[in-house]
Amino acid sequence: MKIFRCLLFILLFVPSSFIIAQSQAFVFTLYGGLFLPSNIDFRSNYKSNSDLIWGAGIGLPMAPTLFATSDISYFNVKGLVDPSIDSTLKLEERFIHIGVLNKQPLTGNIFIRLSGGISYTTVKQILSSNRTPATTIEADKKLGYYGGIGIEQPLEQQGHLSLFADVIYDYRRSEKKELYGDFGGIRVILGIHMIMF
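Residues numbered from 1 in each chain as written. Predicted model: local features only at pLDDT ≥ 70, side-chain atom pairs only at ≥ 80, totals over all residues. Heavy atoms only, no water.

Novice: Would you mind showing me how to read the overall build of the protein here?
Specialist: When helices and strands are counted, the protein shows two helices and 11 strands. Mapped from its N terminus to its C terminus, the protein presents α and β elements in the order α-β-α-β-β-β-β-β-β-β-β-β-β. Looking at the protein as a whole, 38% of its 197 residues qualify as buried. A fraction of 62% describes how many contacts in the protein between residues 6 or more apart in sequence connect residues 24 or more apart. Only carbon and sulfur atoms are counted for the fraction: they give 65% of the accessible area of the protein, which is about 10,900 Å². (Helix = DSSP H or I, 4+ residues; strand = E, 2+ residues; numbered from the N terminus. Buried < 20%, exposed > 50% of the residue type's maximum accessible area, 1.4 Å probe, protein only. Contact = heavy atoms within 4.5 Å. Areas by Shrake-Rupley, 256 points an atom, 1.4 Å probe, with all protein chains shown as cover.)

Right, here's the structure in full:
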């Protein structure tokens, strides 16, 4: 039911931005950075506090400083559970964000960025070893939310490229007994906007 509501939101929200976007820019985004998971067992399982996250997205103007945005990002990490039997644990997360981005002038040609919206996150944990076949556990299908703040600076006078840095918090809780807890976290990313006219 929640997925249906999410799709309904997209169908109602995005078409209006397409009408506005016909006379304005379409924004393509690439980014990467560090993801610090919120799960309390992450450090003990993977012997690390963070790992890399990367993603891509689009933006459609709704107003001069307001954009409807959507992006998808990927996070994968692997840990060695038992070296004696070469047992490994792998965590895979995929985040889909749908929301809004508000950019306001800060100083000179630097903008402050405020973003937020809903997220759909898939979580998969894979345990494997050289003695047993791989076992996969998936978290329950649920919606979450995200919010972030950052800065942005155009890289050229024509405004076709801009560099940005964001700190974004994702919240996504799994109630499944085998994979319980918060599978959101904080991401610190650096990215580039390619503005298509």
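Let's pick the thread back up.
Novice: What's the story with the packing of aromatic side chains in this structure? I'm lost.
Specialist: Aromatic rings considered in pairs are described by the distance between their centres and by the relative angle of their planes. Enumeration according to the criterion identifies six aromatic pairs in this entry. Between F35 and F75 the ring centres are 4.9 Å apart and the planes differ by 65°, which places this aromatic pair in the edge-to-face class. With F35 in strand β1 (residues 26-37) and F75 in strand β3 (residues 66-82), this pair connects stretches of sequence that are 40 residues apart. Look at Y145 and Y171: their rings are 5.3 Å apart centre to centre, the planes differ by 25°, and that puts the pair in the stacked class. One end of the pair, Y145, is in strand β7 (residues 142-154); the other, Y171, is in strand β8 (residues 161-171), and 26 residues separate them in sequence. (Phe/Tyr/Trp six-rings, centres within 6.5 Å; stacked < 30°, edge-to-face > 60°.)

Novice: How do you make sense of the nonpolar core when you look at a structure like this?
Specialist: For soluble globular proteins, nonpolar side chains are generally found buried alongside one another. Membership of the largest hydrophobic core comes to 18 residues, with the highest contact counts inside it found for F75 and L91. Elements with a contribution of two residues or more to this core: β1, α2 (42-46), β3, β4 (87-107) and β8. Among all residues touching F75, those that are not within four sequence positions of it are F35, P37, F42, D51, L52, I53, L91, E92, E93 and F95. Counting residues in each nonpolar core, the second largest holds five residues, with A25, F67, L101 and I195 among its members. (Core = buried A, V, L, I, M, F, W, Y, C linked by side-chain atoms within 4.5 Å.)

Novice: Just checking my understanding: could you explain a nonpolar patch on the surface for this structure?
Specialist: Where nonpolar side chains cluster on the molecular surface, the patch consists of L34, L36, L52, L114, Y145, I149, V167, Y169, I186 and V188 and spans about 860 Å² of accessible area. For the nonpolar patch, the secondary-structure elements that each account for two or more residues are β1, β7, β8 and β11 (185-196). Along the polypeptide, I149 turns up in strand β7. (Patch = residues over 30% accessible without salt bridge, like charges linked within 9 Å, V, L, I, M, F, W, Y side chains within 5 Å. Salt bridge = Lys/Arg side-chain N within 4 Å of Asp/Glu carboxyl O.)

Novice: Is there a simple way to explain unusual backbone geometry in this structure?
Specialist: Excluding glycine, residues mostly have negative phi values, and the peptide bonds linking residues are mostly trans. Located in the positive-phi region is K47, a residue other than glycine, with phi close to 55°. Within the secondary structure, K47 is located in the loop between α2 and β2 (51-63). By relative accessible area, K47 is classed as exposed at 61%.

Novice: Is there a simple way to explain the pattern of salt bridges in this structure?
Specialist: Once their charged atoms are close, side chains differing in charge can pair, the charge on each being opposite to the other. Across all of its chains, the model carries eight salt bridges by this definition. Here K90 and E92 are joined by a salt bridge, their closest N and O atoms 3.3 Å apart. Linking R173 and E175 is a salt bridge whose minimum nitrogen-to-oxygen distance equals 4.0 Å.

Novice: Explain the confidence of the model for the protein here, please?
Specialist: Close inspection of predicted coordinates is inappropriate in any region flagged by low pLDDT. Mean pLDDT over the protein stands at 85; residues scoring 70 or higher make up 84%. Every residue in residues 3-23 is under pLDDT 50, and counting partners more than four places away or in other chains gives 22 contacts. (pLDDT = per-residue confidence, 0-100.)

Novice: Please explain the pairing of β1 as it appears in this structure.
Specialist: The pairing of β1 with β11 spans 12 bridges and is classified as antiparallel. Note that in β11 the partner of F28 across the bridge is M194. For β1 and β2, the ladder comprises nine bridges, and the chain directions are antiparallel. Considered in β2, the bridge of V27 is made with G59. (Pairing = 2+ DSSP bridges.)

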